[in-house]
Amino acid sequence: MPGSGRCLNVSVNVLPLAGMHQADVLGGEQRLMTAIAMAQPCLACHGRAIEPELAALIDQRYPDDQARGFGEGELRGAFTLRRSLEH
Ligand code: HEC
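Residues numbered from 1 in each chain as written. Predicted model: local features only at pLDDT ≥ 70, side-chain atom pairs only at ≥ 80, totals over all residues.

Brief notes about the sheet that holds strand 2 (residues 29–37)
Next up, step 1: With antiparallel pairing, the three strands of this open sheet are ordered in space as 1-2-3. The sheet is open, and its two edges are formed by strand 1 (21–26) and strand 3 (75–84), each paired on a single side. Ignoring which end each strand starts from, the neighbouring axes of this sheet average 15 degrees apart.
Next up, step 2: In terms of strand pairing, strand 2 meets strand 3 through nine bridges, oriented antiparallel. Of the residues in strand 3, the one forming a bridge with Arg31 is Arg82. (Pairing = 2+ DSSP bridges. Helix = DSSP H or I, 4+ residues; strand = E, 2+ residues; numbered from the N terminus. Axes fitted to C-alpha atoms, helices over the stretch in contact; angles between N-to-C directions.)

Now the structure itself:
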């Protein structure tokens, strides 16, 4: 469909970053991108109020962990996938 790429770009500008998701076929490749957003269950370990017992366990197992203090809906990165459609 002509111009469909432009339509997708417009919707991306309107959506909050954390909800971003795009799938396209480009140059013989399937491409996928999905934002990684902090959801409620993630906050148990990445939030601002981590149970002291759990915080101690994370400190013990992952002494270099700095991924804390986030709020719900915050953007943490993105998963990307590129897959060739040619055999
Ligand atoms: C049970 C605890 C726990 C939960 C629940 C959890 N995480 Fe994590 N996460 C960790 C730990 C610990 C690390 C650090 C691992 C390391 O240093 O190797 C980590 C690392 C990460 C990282 C890479 C580090 C960074 O800041 O870039 C991302 C991204 C991430 N988590 C996202 C999520 C998301 C999204 C969710 C919810 C869908 C989630 N996590 C739920 C414990 C958790």
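A look at the pairing of strand 2
Next up, step 1: Relative to strand 2, strand 1 runs antiparallel, the two being bridged by six bridges. Bridging across to strand 2, Asp24 finds its partner in Arg31.
Next up, step 2: The turn linking strand 1 back onto strand 2 is made up of two residues, and Gly27 within it adopts a positive phi angle of 55 degrees.

A word on the site of the ligand
Next up, step 1: For the ligand, the set of nearby residues contains 15 residues, the closest of which are Cys42, Cys45, Tyr62, Ala67 and Arg76.
Next up, step 2: Secondary structure elements with two or more residues in the shell around the ligand: helix 2 (43–46) and strand 3.
Next up, step 3: The leading source of residues in the shell around the ligand is helix 2, at three residues.
Next up, step 4: Split into classes, the residues belonging to the shell around the ligand amount to 10 nonpolar, two polar and three charged. (Near = placed C-beta within 6 Å. Nonpolar A, V, L, I, M, F, W, Y, C, P; charged D, E, K, R; others polar.)

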